[in-house]
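If you want the building blocks of each chain, they are given just below.
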Number of protein chains: 2
Amino acid sequence: MTGKRIYAFGGGTADGNASMKALLGGKGANLAEMAAIGLPVPPGFTITTECCKAYSDALGRMPGGLMAEVRTAVADVEKLLGRQFGATTKPLLFSVRSGAAASMPGMMDTVLNLGLNPDTVEALAKETGNARFAWDSYRRFVTMFGDVVAGVPRKKFDAELEAAKKRTKVVRDADMPAEELQSIVGLLLRVYERHAGKPFPTDPWEQLERSIEAVFRSWNNMRAVEYRRIHKIRGLIGTAVNVQAMVFGNLNENSATGVGFTRDPSTGENTFFCDVLFNAQGEDVVAGLRTPENIDALAKRQPAVHTQLMQVRQTLEQHYRDMQDMEFTIQDGELFVLQTRNGKRTARAALRIALSLVDEGLLTRDEALLKIEASSLNQLLHPTFDPKAKKLVIASGIPASPGAAKGRAVFHPDTAEKYAARNERVILVREETSPEDIKGMAAAQGILTARGGRTSHAAVVARQMGKCCVAGCSSLEIDEHARIFRVGTHTVREGDVLSINGGTGEVMLGDVPTVPPELSGDFNIVMQWSDELRLLGVRANADTPADAAKAREFGAQGIGLCRTEHMFFDSARINRMREMILARSHEQKQAALAHLLPMQREDFIGLFEAMDGLPVTIRLLDPPLHEFLPHDPAIQQVIADELEVPVKVVRDRVAALHEVNPMLGLRGCRLGIVEPMIYDMQVQAIIEAVRETEQRGRKVDAEIMIPLVGTVDELRRLRRRIEDQLRRFNLERGARVKVKIGTMIEVPRAALTADKVAEEADFFSFGTNDLTQMTLGVSRDDAEKGFLIEYVVQGVYPTDPFATIDEEGVGKLVEMGVKLGRATRPGLKVGICGEHGGDPESIDFCHRVGMDYVSCSPYRVPIARLAAAQAAIRHGRSNHENAKTQK
Amino acid sequence: MTGKRIYAFGGGTADGNASMKALLGGKGANLAEMAAIGLPVPPGFTITTECCKAYSDALGRMPGGLMAEVRTAVADVEKLLGRQFGATTKPLLFSVRSGAAASMPGMMDTVLNLGLNPDTVEALAKETGNARFAWDSYRRFVTMFGDVVAGVPRKKFDAELEAAKKRTKVVRDADMPAEELQSIVGLLLRVYERHAGKPFPTDPWEQLERSIEAVFRSWNNMRAVEYRRIHKIRGLIGTAVNVQAMVFGNLNENSATGVGFTRDPSTGENTFFCDVLFNAQGEDVVAGLRTPENIDALAKRQPAVHTQLMQVRQTLEQHYRDMQDMEFTIQDGELFVLQTRNGKRTARAALRIALSLVDEGLLTRDEALLKIEASSLNQLLHPTFDPKAKKLVIASGIPASPGAAKGRAVFHPDTAEKYAARNERVILVREETSPEDIKGMAAAQGILTARGGRTSHAAVVARQMGKCCVAGCSSLEIDEHARIFRVGTHTVREGDVLSINGGTGEVMLGDVPTVPPELSGDFNIVMQWSDELRLLGVRANADTPADAAKAREFGAQGIGLCRTEHMFFDSARINRMREMILARSHEQKQAALAHLLPMQREDFIGLFEAMDGLPVTIRLLDPPLHEFLPHDPAIQQVIADELEVPVKVVRDRVAALHEVNPMLGLRGCRLGIVEPMIYDMQVQAIIEAVRETEQRGRKVDAEIMIPLVGTVDELRRLRRRIEDQLRRFNLERGARVKVKIGTMIEVPRAALTADKVAEEADFFSFGTNDLTQMTLGVSRDDAEKGFLIEYVVQGVYPTDPFATIDEEGVGKLVEMGVKLGRATRPGLKVGICGEHGGDPESIDFCHRVGMDYVSCSPYRVPIARLAAAQAAIRHGRSNHENAKTQK
């Protein structure tokens, strides 16, 4: 760290600007930008993220000389405002806020009203003529400092306040008389001393230094690390610290604090979406402790301020060319802007805003597409409640994040995780949520809170996660301890099923039926633009005609992966499969397979018809055979009875098929070579299905894909066998059926020797799930309980390598595989069918290595279309073409 | 196939020569060579291996026009000998023998006396005046043709012969009168017709064509495939077919058949080692049906032939510059040489012969070293029976393959495999062995047969495998069905323990104590020459001071892998380890580790002292923790009692540690990161041990090796932690302990990103066992029951990739790893510590990629030294140096 460490802003100028997010954090960079373009920003300064890194690197020592520079910066603010930090007349107070390059709402800590002590509080009371305000500010300061700097449990402070409210029978904080507040502050200072082990600091400089340190420290607290993990925020070195002169929304009834979205973050409509809380400080809005009023209330009470705020809104949008999420404070009728950032939004809003901004001439089409987070489209593709369904609405809250969620009510984030681990859907019901709840929220289908508005923690995080949220449902009486809530005459216990509608705020008992989503015109325009721009094809992984139809509806250009084993797990078929596995003679095996053949043929006919001439890639049986047999002794007996074999036969076969490491065992093409009859049957079914579909006058483009190939010899043998089978069929039936034969590249060796493998392959499809397991040596089956989570949390892996492709390692193999394959077969068709095929970052990688297509689950097809277009915008056509033709 | 298909030899000239083994097979090439240098070879011709390949490729159709060319070649032989194929005067008979480029004794099939039919047999009888001979030849022909061409079970023919012998009370075949033989032939022809479904062919051309086809077919029979697999014979396209004019060792008492080694194949002494069987055909010797006489018997009976034979012996050795294994026939006093090849030999003999040939000026040192099969040295390094031990010798046979073997008697190859699978040592006891027994022989410690001499199947195969064999122990009465043998008053049942001495032929009851081997002067010379030539260092994998001492004795230059976990499996320690794993608090864990610390420290002091300044690479804990806990509920109870914890604690921990794919789970450096206390303890023990050993005035070169690294971040974290620990130690103790810190490269990702990994590594050691598992996606734990064996048998894998490195796949990663590592750190020290480090072919690869050293088990150190020298001879110094400096 060698550069400038402190960047001042205010008084119409600033050292920094909006482009310096890495160094100043998002908040600091935007404060500088706003100051420079003349918006009313209280003056202050930003300590750089490099200082935070230096603090971490020194294992928690403040960078040498930093506080001396802070004193100089404070002096500059003093000069601008004509106030003095720690003075007993016109004392200057500060807020201290964290702010990293990526927004992490509620994650980092804030201290307001810093600089108060027994002397300055009196000075403030005298200056404002409002002792209640001064002592209320002191109360807040002691609480926040105690909580975030000294680690005193917040509820210890809150308990004192609540007790005082009861004692004095006051309902609103604002009605608490000054004397009472003063005595509460005394109690709070004692609480502090008891827990912190030393008196509350009265020296403003000590307060300031310790608060700055606390912000630095908070960068690596568990919540922050967890948030970064969940949101894949990486590559940042630390947080900046913003020290800014206080302005007071809690000075009097002519004061207020507010947050606003310059457009509706749920729908994207061009209306100002704003919460105002009069006579309050900012933390009151975000915490959802009081229910705020809207912009009309402001227009009525303070029309001049309202006009000024609408002007600020327009300036911000024009300047940032995006919807902004801003914070402001009105101090005795004077407007101050405290923060702005690009606002989080629903997918629906993202589309609307992007298209509007193009219409308004603020963005080009390319820029607009890049503004839409591809993964967020997920939200648009899922069902909504059937409007015709009968439903028992038991309560109604604020529609905070759209969606239709159903699941069992749970009252604690840990419980949510437990249910989710058992694949049970849950609705997380909370008084209000806090950052500690994030993992539980991620595990839930939807979130229901009793307090807080559309900008509360629950609402912001839920929108970000694409989860349904109903907030501020104040009629709920929640007893989190007893795991129960009451509303009216209804009682809902943990495990009872609820349905919540994030679009209307309705809370319903039971499982309300849903209907498929209808995609908006905005969505269709964005998809059309994407299709015009993208160079990657998009296919779907689909195993049934229904999946295939859904995939086409979402725009899939083919099936990239049909997992035939899923067809065998059907209850009507699994016993035939088991008969085959348990057969003790060739003939028994043949007989069982002969029963499966017509079923498979019908499966394939269904797929071919649904896809109507688009390519359909069918992967031959992949999993180990033991997956079809039961491991529970009781069920083994049932199966034995059903199949009329001694239970010992079942038991012995299960034991014989047991493997220490099934991931690396007898499956995929190894089965095809060691037990060829299964593949023979599947190939026969495919050939017959192609023939029959064609005879019905439909076109078919069938691709047979061999899984788990590690050496070209495996592929060669199986290819010859398939070709022989096809030749015989065509000869016997006088047919002219054609199929392509290709392979998954999912064993590292196949990628390493892809030049050889390509000799026998009409196409490659990268199976990056297994390729990741083997290249990293990580079992995905053990990921949940294993070290993988720990590795991602600790940052050993920058991200979950099964969610986003590990470019450096696995990606290197993929790139080798593509290049070597095309060196042997120029123009070899290459795709990906692992789950990475639906992940925008991975799709960007697929574009860069010159793949032909990605294949993903049907619901991710629109995401892949947009992500592919974004990749093309970012890297251009030539990049993709070069990768494709490179030797 | 476009070239010449038939190569003639005989009459002092030949179309081919000894260098054409790939095309003519070893036998055919050497027949040509011998004919050309004037040795008495009966004339004939060789059909090329390409014809065999064409036959296989055409799925068993004879190459077009081949038989017409055969007729031309036959006509040339007829001209040379003045005889005619199929003629009723002076009929010409042929032998048809297979012969591939690599020798496969007993594997391929032979037909003798081809051309006989009811007419020619009479002509032969008339011409030789020996009807008994003629009919005996016909009997043999029918049997052999029926067996190998038509697939009629051999025992059906043998049964007729045995019945006739009983009927006529004849003991020796040779005493059977002609009329009796004629009637036997009649019976055999009916046996043939009954089993083959059609009459025995009388047309000599049909006999010839079908025999040639049978040889082609035999290339892919199970026995041949299995033999090639076991002996790693690959890259061959097929077998040649040798059609050669018959000469008759069974013509009269002045005739004989013989095989000879030009030097003693057991000791390498320069004496002619020869078995002769008078009045017999070749098959009688190899089958071991009659016990042959030696060279002295020939000298006595036919001194002129003896002199000629000794001359042939010398000519062959001078010409081939190696010990030869030859076959000859004496027909009525005239000597013919039928075959020669480099003779198989014991390791002891290989050394002796190689050194002698250098002394005799026939070979250079480099050539001599290349003649010694490095793996065979294994035989010299294992114990022999203690001469002072009491032993109960119950029988004595022919010492056919040296060694001291002990194990339970078993009477069937399958039983041998079953016992071996349970890790029980066995002695395979057989009447005689046949190619079907090969897998059982491989599973046994030693082989004991009742019949056959030093050139019998059992003896030849055992020597090749480096197994102890006592053959022809005729006093044994074996009942294979009852699983028992009797000898004198003793009865030995399946499961009884035997000891056999392959150097003396002694068979002993019970477990006779052994003493370590004493290495001969020849061995020391070869090692010395090897050390002068090789460029690779050789280290050993050793976990105990005893292993380390053994390794140094065998010439190891350091320890390349000390597996610290082996130290924990010691009974005195495992419970401490278990305590640690079961600990429910940090303190309990610390306490258990504190008990282990001094034990580990002593382990390391012992190793450092044993290695006396040579490098010692210590790998930190690698296996998953569950390996230390018992999975059997009964033992879980015992452990729980011992450790005074509820059994539920043990059970729960076992369940918690269970992984679906432990190979890809929580182990290696992952443990070091997730549960750092174990590594902390191990590192502390290493540091303290270095310090203490140095304080005793000894030198130490300690290398800490981190296993299972997949990303540089893992290595960086652990390296920092170790460095901090070391810094603290040195500061507190005023010490100056130094250690190197490096990593295993065993996860594919580590090899792919070796440039990054090298940033934090002082050295690399390739762990190719795990690297092979992950790169190929093959679980070694499941290899025995899985598809791996099948893959090797079917040739999908050309060889067992865990025995010899898969150069194309795994080798590519290794090469990348070496190059990328050295690109970051020029001169980075690189070794290998997987089992490939002791495999000669893999060592050759290690030389070529420019590694610094290989590390293998102590007993393979001499093998590695020789193999490294051979690699240096083959590829030269510059190749290795280039690989080392290449960027």
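Residues numbered from 1 in each chain as written. Chains lettered and ligands numbered in written order. Predicted model: local features only at pLDDT ≥ 70, side-chain atom pairs only at ≥ 80, totals over all residues. Heavy atoms only, no water.

## Quick notes on the overall build of chain A
Across its full length, chain A holds 34 helices and 34 strands. Relative to the 2.2 N^0.38 estimate, which gives 29 Å for 887 residues, the radius of gyration of chain A is 32 Å and therefore close to what a compact globule would have. Taking the principal axes of the C-alpha coordinates as reference, chain A spans close to 105 × 60 × 50 Å. Among the 887 residues that make up chain A, the fraction classed as buried is 59%. In chain A, of all internal contacts separated by at least 6 residues, the share reaching a separation of at least 24 is 69%. In chain A, the 111 positive side-chain charges and the 116 negative ones have mean positions that sit 2 Å from each other. (Helix = DSSP H or I, 4+ residues; strand = E, 2+ residues; numbered from the N terminus. Rg over C-alpha atoms; globule rule 2.2 N^0.38 Å. Buried < 20%, exposed > 50% of the residue type's maximum accessible area, 1.4 Å probe, protein only. Contact = heavy atoms within 4.5 Å. Lys, Arg positive; Asp, Glu negative; His and termini not counted. Charge placed at Lys NZ, Arg CZ, Asp CG, Glu CD.)

## Examining the pattern of salt bridges
All names here are of chain A. In the structure shown here, the tally under the stated rule is 140 salt bridges over all chains. Ionic pairing is found between Asp-531 and Arg-865, a salt bridge with its closest N-O pair at 2.6 Å. Placement of the pair is Asp-531 in helix 18 (residues 521-533) and Arg-865 in helix 34 (residues 861-885), with a sequence separation of 334 residues. For Asp-531, a relative accessible area of 32% gives the class partly exposed. One salt bridge in this structure joins Arg-563 and Asp-543, with 3.3 Å as the shortest N-O distance. (Salt bridge = Lys/Arg side-chain N within 4 Å of Asp/Glu carboxyl O.)

## Let's talk about the pairing of strand 6 (residues 94-99) of chain B
Residue and element names in this part refer to chain B. Of all six residues in strand 6, six are buried, a share of seventy percent or more. On strand 6, burial covers both faces: Phe-94, Val-96 and Ser-98 on one face and Ser-95, Arg-97 and Gly-99 on the other are all buried. Across six bridges, the pairing between strand 6 and strand 8 (residues 240-245) is antiparallel. Residue pairing for strand 8: Ser-95 is matched across the bridge by Gln-244. (Pairing = 2+ DSSP bridges.)

## Digging into the interface of chain B and chain A
With 49 residues of chain B in contact, the opposing surface of chain A contributes 49 residues. Overall, the association of chain B and chain A removes approximately 4200 Å² of surface from exposure, summing both partners, and the carbon and sulfur fraction of that is 54%. Taken together, the links from chain B to chain A amount to six salt bridges. With a shortest N-O distance of 3.3 Å, Glu-808 of chain A and Arg-749 of chain B are connected by a salt bridge. Taken together, the connections running from chain B to chain A amount to 26 residue pairs in polar contact (both at pLDDT 80 or more). Of all the secondary structure elements, the ones that give two or more residues to the side of chain B that touches chain A are helix 24 (647-657), helix 25 (669-674), helix 27 (712-733), helix 28 (748-752), helix 30 (768-776), helix 31 (788-794) and helix 32 (810-824) of chain B. (Buried area = accessible area lost by both parts, 1.4 Å probe. Polar contact = N/O pair within 3.5 Å; in protein donor to acceptor, adjacent residues only side chain to side chain.)

## Things to note about the sheet that holds strand 29 (residues 615-619) of chain A
Residues and elements named next belong to chain A. Read once around its circumference, the closed barrel built from eight strands follows the order 27-28-29-30-31-32-33-34, with strand pairing classed as parallel. Sheet twist, expressed as the average angle between the axes of neighbouring strands with direction ignored, equals 25°. The pairing of strand 33 (residues 829-832) with strand 34 (residues 853-856) spans two bridges and is parallel. Residue pairing for strand 34: Gly-831 is matched across the bridge by Tyr-853. Sheet contacts for helix 32 (residues 807-824): strand 32 (763-766) and strand 33; angle to strand 32, the most-contacted strand, approximately 180°. (Axes fitted to C-alpha atoms, helices over the stretch in contact; angles between N-to-C directions.)

## Overview of the relation of the copies chain B and chain A
The transformation that overlays chain B on chain A combines an axial shift of 0.2 Å with a rotation of 179°, and the residual RMSD is 0.3 Å. One copy is carried onto the other by what is essentially a two-fold rotation axis. By C-alpha distance to the rotation axis, the residue of chain B lying nearest is Asn-661 of chain B, at 2.1 Å. Here 100% of the contact residues of chain B are again contact residues in chain A; the copies associate through an equivalent surface. (Least-squares fit on C-alpha atoms with pLDDT ≥ 70 in both.)

## Considering the packing of aromatic side chains
Counted according to the given criterion, the structure contains 36 aromatic pairs over all chains. Here the aromatic rings of Phe-764 of chain A and Phe-766 of chain A are separated by 6.4 Å at their centres, their planes lie at 90°, and the arrangement is edge-to-face. For the pair Phe-764 of chain A and Phe-766 of chain A, one class covers both residues: buried. Each ring, one from Tyr-791 of chain B and one from Tyr-797 of chain B, has its centre 5.0 Å from the other, and the planes form 70°; the classification is edge-to-face. For the residue pair Tyr-791 of chain B and Tyr-797 of chain B, the accessibility class agrees, reading buried in each case. Put simply, the rings of Phe-45, Phe-85, Phe-94 and Trp-205 of chain A touch in pairs and so form one group of aromatic residues. Lying over the aromatic face of Tyr-7 of chain A, Lys-4 of chain A brings its terminal NZ or CZ to 5.1 Å of the ring centre. Its end group placed over the ring of Phe-278 of chain A, Arg-301 of chain A keeps NZ or CZ at 3.6 Å from the ring centre. (Phe/Tyr/Trp six-rings, centres within 6.5 Å; stacked < 30°, edge-to-face > 60°. Lys NZ or Arg CZ within 6 Å of the ring centre and 35° of its normal.)

## Notes on the side chain of Arg-263 of chain A
Residues and elements named next belong to chain A. Here Arg-263 shows up in the loop between strand 9 (256-261) and strand 10 (273-278). A distance of 2.8 Å separates polar atoms of two side chains, one belonging to Arg-263 and the other to Glu-317. Those residues within four positions of Arg-263 in sequence are excluded, and the remaining contacts are Gly-268, Glu-269, Asn-270, Thr-271, Phe-273, Glu-317, Met-323, Ile-353, Ser-356, Leu-357 and Glu-360.

## Here's the deal with unusual backbone geometry
All names here are of chain B. Positioned with a positive phi, Leu-59 is a non-glycine residue whose angle comes to about 55°. Here Leu-59 is to be found in the loop between helix 2 (49-57) and helix 3 (66-81). Look at Leu-59 and you get exposed, because its relative accessible area is 80%. The phi dihedral of Arg-321 is positive, around 50°, even though this residue is not glycine.

## Quick word on helix 13 (residues 347-359) of chain A
All names here are of chain A. For helix 13, which comprises 13 residues, the first-to-last C-alpha distance of 18 Å matches the rise-based estimate of 18 Å (1.5 Å per residue) to within 8%. Burial runs high along helix 13: ten of the 13 residues are buried. Of the residues making up helix 13, those classed as buried are Ala-347, Ala-349, Ala-350, Leu-351, Ile-353, Ala-354, Leu-355, Ser-356, Leu-357 and Val-358. Of the surrounding elements, those touching the buried residues of helix 13 are helix 14 (365-371) and helix 18. Gly-361 sits one or two positions beyond helix 13 and adopts a positive phi of about 80°. (Expected span 1.5 Å × (residues − 1).)

## So, the confidence of the model for chain A
Put simply, chain A has an average pLDDT of 91, and 96% of its residues get 70 or more. Among the prediction metrics, the complex's ipTM stands at 0.80, with pTM recorded as 0.81. (pLDDT = per-residue confidence, 0-100.)

## Some thoughts on the packing of helix 13 (residues 347-359) of chain B against helix 18 (residues 521-533) of chain B
All names here are of chain B. At a minimum axis separation of 9 Å, helix 13 and helix 18 run at an interaxial angle of 70°. Taken together, the axes of helix 13 and helix 18 lie roughly perpendicular to each other. As helix 13 packs across helix 18, the resulting crossing turns out to be left-handed. Only Asp-522, Phe-523, Ile-525, Val-526 and Trp-529 of helix 18 make contact with helix 13, whose side of the interface consists of Leu-351, Arg-352, Leu-355 and Val-358. Looking at the contact of helix 13 with helix 18 residue by residue, the classes come out as seven nonpolar, no polar and two charged. (Parallel < 35°, antiparallel > 145°, perpendicular 65-115°, else oblique. Left-handed = near helix turned anticlockwise from the far one by under 90°. Nonpolar A, V, L, I, M, F, W, Y, C, P; charged D, E, K, R; others polar.)

## Description of the pairing of strand 22 (residues 484-487) of chain A
All names here are of chain A. The pairing of strand 21 (residues 477-479) with strand 22 spans three bridges and is classified as antiparallel. Looking at the pairing, Glu-477 lines up with Arg-486 of strand 22. Following strand 21, the chain reverses through four residues before pairing antiparallel with strand 22; Arg-483 in that reversal takes a positive phi of roughly 55°. With four bridges connecting them, strand 22 and strand 23 (residues 490-493) associate as antiparallel partners. Note on strand 23: the bridge partner recorded for Ile-484 is Arg-493.

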